[in-house]
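Understanding the architecture of this molecule
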Amino acid sequence: MDYAATKAYLLGLKSTGAKYGIDHMRVLAARLGHPERAYPVIHIAGTNGKGSVCAMLDAMYRRMGRTVGMYTSPHLVFLGERVQVNRQPLSRDELCRYVELVRPHAEAMAKDDPINIPSYFEFMTAAAFLRFKDANVDVALVEVGLGGRLDATNVVQPQLCVITSIGFDHMDYLGDTLEKIAMEKAGIIKHGVPVVLGRLPPEAEAPIRAIAQERNAPVHSVREVFGENLENYPRTRLAGSFQRANAATATLATRVLEKTLPVTDSACVAALAEVDWPARWQKFSLSDRRTLILDASHNLEGAQTLHENLSALHRETGREPIIIVGALGEHRAKALLDVAAGHAREIILLQPNQPRATSLADLEKLIPANFSGTVRRGRVEEIFPAPGVCALGGDGDTVVATGSIYLLGEILERFAHPALAGEGTLQDF
């Protein structure tokens, strides 16, 4: 299949919806010869911070000259971002090849019952496992897609499990309390395999520790090692105190694995100073001394970090920014708009091009009544009419686009990667 046919095939799988469970993935991995067992794996779960911790660990291990596989989701602009080796995304030709490798096994699974066809996410997970084996990676960083216990990635047999944070998100799948959500995330913990915990709420940490104890899994806590004061945590190029907590989590992970995958302290420091992770308070310089900041803050915990970063921005510039907001789900949108209204002089509402996106009308209803600035609707193509161009703001202004990672992907596609247009239909799941 060429790339257009491959995308169409994957889109057909996506149309059947997400499959929450690991039974199909177990069968598929076995049919492929268990490529996920060919290299050490660090399995990373959490409400927020998973991708940032993956990026930090990737930078640390590459600093030591290692070949690193990284599987994350969703992608921002193009599908190959999900599967990277030494930060080189899967090319279109490679993606076609791996889909062709997986497809006969998937179709054999569905021969007796079409419902057994692996999902789009399971296809991409299998492609990642195969790519990492072919690249002979020294370590694979595998990010959980949703939850942990029933996520397709949970077929791995990791050297280390990491839980970065616990907050309220995906409650329709994971439960409506922090304890329930934590227990789903803790489903990645394996018997005898160490686990690193980020800065978790006490009501979330307790059930995770209980499950770890049941499974004889040693627990290593960021708080126990670095303390409560974030000023004592490692510094990183990524903005915000939350990223310092992520930096501590990544640093602790390397220490736990120091016997099998050693990383020097100097390599950790250097990696954290240069790490890059798109759409996390990512800054671009515009004409007329303007600045564009892209920040994927898509849930309550992310909104709290957004508030911190916007407060720091105001202290730095002395001016109120223009804030673009788009979200999936009203509870996420409300948290973001409450924060935006406390900092913006103007709010621009956008509707991400996703079926689950919050409508513009619903976004308008969620604007706090006491917001005195301007509110208006917008469209990505009008605000970003050409590569490198933003139509908002005047001399010296800052424009902050925040909310759904899918919206940030649409903006990056228009602003920085127009040649890669058309990948948004495969973002979800």
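Here's what I pulled together on the structure shown here. (Residues numbered from 1 in each chain as written. Predicted model: local features only at pLDDT ≥ 70, side-chain atom pairs only at ≥ 80, totals over all residues. Heavy atoms only, no water.)

**A word on the side chain of threonine 254**
- Summarising the element assignment, threonine 254 is placed in helix H10 (residues 241-256).
- A relative accessible area of 2% means that threonine 254 is categorised as buried.
- A distance of 2.6 Å separates a polar side-chain atom of threonine 254 from the backbone oxygen of threonine 251.
- Sequence-distant contacts of threonine 254, that is, excluding residues within four places in its chain, are made with Leu57, Met60, Tyr61, Leu261, Val263 and Cys268. (Helix = DSSP H or I, 4+ residues; strand = E, 2+ residues; numbered from the N terminus. Buried < 20%, exposed > 50% of the residue type's maximum accessible area, 1.4 Å probe, protein only. Polar contact = N/O pair within 3.5 Å; in protein donor to acceptor, adjacent residues only side chain to side chain. Contact = heavy atoms within 4.5 Å.)

**Focus: the side chain of aspartate 397**
- Inspection of the secondary structure puts aspartate 397 in the loop between helix H15 (380-383) and strand S14 (398-403).
- A polar contact of 2.7 Å, which involves the side chain of aspartate 397, links it to the side chain of arginine 345.
- One polar contact links the side chain of aspartate 397 to the main-chain amide nitrogen of glycine 394, over a distance of 2.7 Å.
- Beyond its immediate chain neighbours, meaning those up to four positions away, aspartate 397 contacts Arg289, Arg290, Thr291, Arg319, Ile322 and Arg345.

**A few points about the pattern of salt bridges**
- Inspection of every chain in the model, using the stated rule, returns 25 salt bridges.
- As a salt-bridge pair, glutamate 274 and arginine 63 come within 3.1 Å of each other at their nearest N and O atoms. Of this pair, glutamate 274 sits in helix H11 (residues 265-274) while arginine 63 sits in helix H3 (residues 50-63), placing them 211 residues apart in sequence.
- Salt-bridge contacts for arginine 223 lead to glutamate 228; the nearest nitrogen and oxygen are separated by 2.9 Å.
- According to the relative accessible area criterion, arginine 223 is partly exposed, its value standing at 25%.
- A network of salt bridges, in which partner residues are shared, links Arg199, Arg223 and Glu228. (Salt bridge = Lys/Arg side-chain N within 4 Å of Asp/Glu carboxyl O.)

**Thoughts on the packing of helix H4 (residues 92-109) against helix H5 (residues 120-134)**
- Where H4 contacts H5, the axes come no closer than 9 Å and their chain directions differ by 115°. Between H4 and H5 the crossing geometry is right-handed. Only Phe123, Met124, Ala126, Ala127, Leu130, Arg131 and Asp134 of H5 make contact with H4, whose side of the interface consists of Glu94, Leu95, Arg97, Tyr98, Val99, Leu101, Val102, Arg103 and Ala106.
- Per-class residue counts for the contact of H4 with H5 are 11 nonpolar, no polar and five charged. (Axes fitted to C-alpha atoms, helices over the stretch in contact; angles between N-to-C directions. Left-handed = near helix turned anticlockwise from the far one by under 90°. Nonpolar A, V, L, I, M, F, W, Y, C, P; charged D, E, K, R; others polar.)

**Notes on H4**
- Compared with an ideal rise of 1.5 Å per residue, which puts 18 residues at 26 Å, H4 spans 25 Å between its outermost C-alpha atoms and is within 8% of the ideal.
- Where H4 bends most, at arginine 103, the angle is about 30°, and the proline proline 104 comes one to four residues later.
- Along H4, the residues that are buried comprise Leu95, Cys96, Tyr98, Val99, Val102, Ala106 and Met109.
- Of the surrounding secondary structure, the elements contacted by the buried residues of H4 are helix H1 (3-14), helix H2 (23-31) and H5. (Expected span 1.5 Å × (residues − 1). Bend = angle between axes of the 7 residues up to and from the residue.)

**A look at the sheet that holds strand S8 (residues 219-221)**
- Strand order in the open sheet formed by eight strands is S4-S3-S2-S5-S1-S6-S7-S8, with mixed pairing between adjacent strands. Strands at the two margins of the open sheet, each flanked by one partner only, are strand S4 (88-89) and S8.
- Alignment of strand S6 (residues 160-163) against strand S7 (residues 195-197), held across three bridges, turns out to be parallel. Across the sheet, the residue bridging to valine 162 is valine 196, located in S7. (Pairing = 2+ DSSP bridges.)

**Topic: unusual backbone geometry**
- That bond from serine 73 to proline 74 is cis: its omega, -10°, falls within 30 degrees of zero.
- Relative to the helices and strands, proline 74 resides in the loop between strand S2 (68-71) and strand S3 (83-85).
- Positive phi values are uncommon outside glycine, yet asparagine 86 reaches one of about 50°.
- With phi around 65°, arginine 87 is a residue other than glycine that occupies positive phi space.

**Things to note about the nonpolar core**
- One finds Leu10, Tyr71, Phe123, Met124 and Phe132 to be the most contacted residues of the largest nonpolar core, which totals 40 residues.
- Secondary structure elements with two or more residues in this core: H1, H2, S3, H4, H5 and strand S5 (139-143).
- Per-element tally for this core: the top contributor is H5, with 10 residues.
- Those residues in contact with tyrosine 71 that sit more than four places away from it in its chain are Arg82, Val83, Phe121, Met124, Thr125, Ala128, Phe132, Leu141, Val142, Glu143 and Thr153.
- Grouped together as the second largest cluster of nonpolar side chains are 35 residues, Met60, Val68, Leu160 and Ala267 included. (Core = buried A, V, L, I, M, F, W, Y, C linked by side-chain atoms within 4.5 Å.)

**Let's talk about helix H8 (residues 202-214)**
- With 13 residues, H8 extends 18 Å from end C-alpha to end C-alpha; this agrees with the ideal 18 Å at 1.5 Å per step.
- Looking only at H8, the buried set comprises Ala204, Glu205, Pro207, Ile208, Ile211 and Ala212.
- For H8, the secondary structure elements touched by its buried residues are S6, helix H7 (178-185), S7, S8 and helix H9 (222-226).
- At the C-terminal side of H8, asparagine 216 shows a positive phi close to 55°.

**Points about the packing of aromatic side chains**
- Summed over all chains, the structure comprises six aromatic pairs.
- Pairing tyrosine 71 with phenylalanine 121 gives two aromatic rings, centres 5.9 Å apart and planes at 35°, and the pair type is tilted. One end of the pair, tyrosine 71, is in strand S2; the other, phenylalanine 121, is in helix H5, and 50 residues separate them in sequence.
- Given a relative accessible area of 11%, phenylalanine 121 falls into the buried group. (Phe/Tyr/Trp six-rings, centres within 6.5 Å; stacked < 30°, edge-to-face > 60°.)

**Brief notes about the pairing of S14**
- Taken across its six residues, S14 has six buried, putting it largely inside the fold.
- The alternating pattern of S14 places Thr398, Val400 and Thr402 on one face and Val399, Ala401 and Gly403 on the opposite face, and all of these are buried.
- In the sheet, strand S10 (residues 291-295) pairs with S14 via five bridges, with the strands oriented parallel. Residue pairing across strands places threonine 291 opposite threonine 398, the latter belonging to S14.
- Both strand S11 (residues 322-326) and S14 contribute to a ladder of five bridges, which runs parallel. Across the sheet, residue glycine 326 finds its bridge partner in S14, namely glycine 403.

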